[in-house]
Amino acid sequence: MSNAVSSVVPQNVNCTNAAVLDWIESARQLLEPDQVVWIDGSEEESQRINELLVGAGTFVKLNEKEYPNSFWSRSNPNDVARVEARTFICSQKEDDCGPTNNWMNPEQMRAKLHGILAGAMRGKTMYVVPYLMGPDGSPFAKVGFELTDSAYVVANMRIMARIGDTALKNLPNDSNDFVKGVHAVADLDPEQRYIVHFPETCEIVSVNTDYGGNALQGKKCFALRIASTQAKREGWMAEHMLILGITDPKGTKKYICAAFPSACGKTNLAMLIPPKRYLDAGWKVETVGDDIAWLNFGEDGRLYAINPENGFFGVAPGTSEKTNPNAIAALKGNTIFTNTALDLETMTPWWEGLTKNPPTKLRDWLGNEWDAESGAKAAHPNSRFTAPAKQCPCISPEFESPRGVPIDAIIFGGRRERTAPLVYEAKNWQHGTFVGVTMASEATAAAAGTIGALKRDPMAMRPFIGYHAGDYFQHWLDMGVKGGDKMPRVYHVNWFKKDSDGNFLWPGFGENMRVLEWIFRRVEGTADGVDSPLGVQPKSNGIPLDGINITQEQMDELLSVSREDWEQELASQADFLASIGPKLPKEIMSEHEALKSRVRTWGVVE
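We now turn to the structure provided with this report.

Rules used in this analysis
- Per chain, residue numbering runs from 1 following the sequence as it is written.
- Per-residue local features are limited, in this predicted model, to residues with pLDDT of at least 70; the limit for side-chain atom pairs, both in listing and counting, is 80 or more; totals at the level of whole chains, interfaces and linings are taken over all residues.
- With hydrogens and water set aside, each side-chain value is computed from the structure's full complement of heavy atoms.
- By definition here, a salt bridge exists when the distance from a side-chain nitrogen of Lys or Arg to a carboxyl oxygen of Asp or Glu is within 4 Å.
- Nine residue types can take part in a nonpolar core, namely buried Ala, Val, Leu, Ile, Met, Phe, Trp, Tyr and Cys, and a core is a set of them joined through side-chain atoms within 4.5 Å.
- Exposure categories follow from relative accessible area, calculated using a 1.4 Å probe and restricted to protein chains: below 20% of the type maximum is buried, above 50% is exposed, and the middle band is partly exposed.
- Only DSSP runs of H or I covering at least 4 residues are called helices, and only runs of E covering at least 2 are called strands; the numbering of each starts at the N terminus.
- Here, any two strands with at least 2 DSSP bridges between them count as paired.
- In what follows, residue pairs with any heavy atoms lying within 4.5 Å of each other are defined as contacts.
- Simply put, an axis is a line fit to the C-alpha atoms, just over the touching stretch for a helix, and the angle between two N-to-C directions goes from 0 to 180 degrees.

Under the criterion given, the structure shown has 40 salt bridges. Linked through salt bridges whose partners overlap, the residues forming this network are Lys219, Lys220, Lys266, Asp291 and Glu309.

In C-alpha cells:
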C-alpha cells in the first residue's frame with residue numbers, strides 16, 4: 001500500500017481492500033477535503049453527527065418525550081425532489097440507455113463532473129460511508145461506498161442502510177464488487193445539478209444536491225438504477241416493489257411483492273392493518289419492505305426477495321393514524337423529518353393530513369411563521385420522514401433473513417377512474433409481464449403534469465430502469481423462462497375506480513385486505529375466478545362485502561370491463577409500445593395484439 005493511501009486511513013478503520021483505498025485516495029485528491037473521516041456505524045458516532053448538525057443549525061431537536069432522538073430539518077427550497085431532467089445513465093453506448101433515460105457520452109460527462117468536483121470539498125470534511133444493501137450476511141446483499149461532504153447525508157444513510165463496519169465485513173478483501181459513489185453539496189446550483197450513473201463501472205456521482213434520493217445514493221441510485229443493470233448481468237431482479245407477508249387463520253403464509261406508481265397507495269399497502277373481522281379470525285399482515293425488492297432464484301427454483309434497505313423514506317403529507325397507523329408508530333423516535341412543518345409550541349413535526357386541524361403556531365418548511373389564511377402548504381408536498389424499519393409494529397421477523405422470502409404473487413396497480421377493474425389475474429408470466437409493461441396511472445394534483453393525464457409507468461420503474469427499457473422488458477421475459485412454472489402469479493389492482501358521480505367505489509386502505517384474500521386463495525388454489533378479456537377476475541360474490549357499505553351493484557361495477565374504454569386503452573398502449581423502439585420484445589407486442597382481439601370479440605362485461 002502506498003504511503004499516500006495509508007495516510008488517509010485512520011488506524012481504527014477495518015478496511016484493507018486495496019481497490020477501495022486506491023479509489024478513495026484518487027477521489028480525495030480531486031475533491032481536496034480538509035480531512036477524511038471514516039464512518040463506523042456506532043451509536044456514539046451517530047450522536048456526534050447529530051450534535052454536529054444541531055450545532056450547525058441543520059437539525060432542530062424535537063420534543064424528547066414525544067419524538068426521542070429525532071430531528072427536524074429543511075433543505076434548500078430549490079432542492080426538494082427527484083430531478084429526472086438532471087438524472088443521467090451514462091452507458092458506453094447510447095443504445096444501452098434507451099428512450100426512458102437521459103444519456104451523455106461517459107467521457108464528456110466525466111470531464112464535466114471533474115470540472116465541478118475539483119476542489120469541491122476544500123475547507124470541509126469528506127465522510128467515507130461504507131454501506132450494505134441487504135441483510136448482514138446475505139449472499140444477495142451488496143456493498144457500496146458514498147464519499148460525501150454532508151453530515152445530513154451521513155445521518156440519513158445510517159437509518160436507510162446498514163453502514164460502517166457491518167458493510168466492510170461483507171466485502172472480501174480482494175473484491176472489486178462494490179459501488180463507488182461520490183456526493184458533493186457544492187453550491188446547490190440547480191443548473192449544475194447532476195445525478196449520474198455509470199452502469200458498466202458501477203459508479204454514482206451526485207452534485208449540487210443535498211436532498212433525498214439525489215443525495216442518499218443507496219436509495220434509488222444504487223438500489224434500482226445501478227442494481228437493475230447488475231441484476232440483468234447476473235440473472236436476478238431489482239424492482240420498485242414492496243414486500244408483504246400474509247398469514248391466514250390456519251397458519252399458511254404467502255409473500256407478495258407489489259409495484260405502484262406514486263400516489264397509488266404503496267406505503268399504505270406495505271403497512272396494511274386488516275379490518276377487525278380479519279384480525280378476529282386470525283389473519284396477520286407483516287412488512288418485509290415498503291419500497292424496493294431484490295429478487296433472486298433460491299435453491300428450490302423459486303424467486304426469493306430481500307429488502308435491500310434498512311429504513312423507510314416516506315412521504316409525510318397524508319400519513320396519519322387513520323391512513324397508516326403503523327407508519328406513525330414507526331416514526332415516533334430516531335427519525336429525521338425533512339421539509340415538514342414544525343409545531344413551535346410542542347416542538348413536534350406537523351404536515352397536512354396528520355391532524356384534522358393545524359396547530360396554532362407553526363413554522364413552515366421554508367422556515368417562516370405559517371399563515372393559515374395564505375393558502376400555502378405548511379409542509380412541502382414531498383416532505384419526508386427517515387425512520388428505522390425495525391420500529392414499525394408490523395415489521396416481519398424475516399426482515400433480516402439472509403435468504404429472503406419466497407414470493408407467491410406480484411401485484412401491479414395504477415390510479416384509474418374508469419378503465420381498470422378492481423382486480424384481475426394475468427394468464428401466465430409472459431402476460432403478467434405485459435400487464436406490468438403497460439401499467440399506467442392518471443396524474444393527481446400532487447404530481448407534475450395535467451390532472452387526469454395518463455402516464456405509462458412500466459413496473460413503476462420508469463424513472464429507475466438503469467438501461468434500455470426494451471432490454472429490461474426482455475429480462476423479465478427471460479426470468480420467466482428460467483423460472484418456469486415456479487414463477488409468482490401476477491395480478492393487477494385498481495383501488496381508485498369511480499362511479500358516474502365521481503365518487504370512489506372502493507373504500508381502500510385496510511379494506512384492501514379483502515382483495516388480498518382473493519389473491520391469497522388464488523395462489524393457494526382454493527378461490528374460483530371467471531375469465532374476462534383481461535385475465536381471471538373474482539366472481540361477483542368472490543370478494544366478501546360483509547362489514548362494508550358496498551352494494552352488489554357497486555361490486556359489479558368495480559369488476560366491470562368496458563369494451564369502449566379498453567379500445568381507447570389499447571390505442572394508448574400502442575403509442576407507448578411504439579416509443580420503446582426496435583428493442584421492444586416481440587412477445588410484448590403479441591400480448592398487445594392478443595388483448596386487442598379478446599376485447600373486440602368478447603361479450604362486453606358491464
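What follows picks up the thread again.
What follows covers the nonpolar core. By size, the foremost hydrophobic cluster in this structure holds 90 residues, and its most contacted members are Phe222, Cys257, Trp294, Ile407, Phe412 and Trp476. The greatest single-element share of this core, amounting to 8 residues, is contributed by helix α5 (residues 151–160). One finds Ala258, Ala316, Trp518 and Leu558 within the second-largest nonpolar core, a separate group that totals 59 residues.

Sheets are built from strands that pair by backbone hydrogen bonding, the pairs being arranged parallel or antiparallel. The 4 strands lie next to each other as β11-β15-β16-β23, forming an open sheet whose pairing is antiparallel. Since the sheet does not close on itself, it has two edges, and those belong to β11 (237–239) and β23 (405–406), each with one partner. Inspection of the sheet shows β11 paired to strand β15 (residues 293–297) by 3 bridges, in the antiparallel sense. Note on β15: the bridge partner recorded for Met237 is Leu295. With respect to the sheet, helix α8 (residues 218–234) is in contact with β11 and β15, its orientation differing from that of β11 by roughly 160°.

Turning next to unusual backbone geometry. One can expect most non-glycine residues to show negative phi and most peptide bonds to be in trans. Of note, Cys202 is a non-glycine position whose phi angle comes to about 55°, a positive value. As for its placement among the helices and strands, Cys202 is situated in the loop between β9 (194–198) and β10 (203–207). Residues other than glycine seldom take positive phi values, yet Phe509 does so here, at roughly 50°. Looking at where Phe509 falls in the secondary structure, it is placed in the loop between β28 (489–493) and α14 (513–524).

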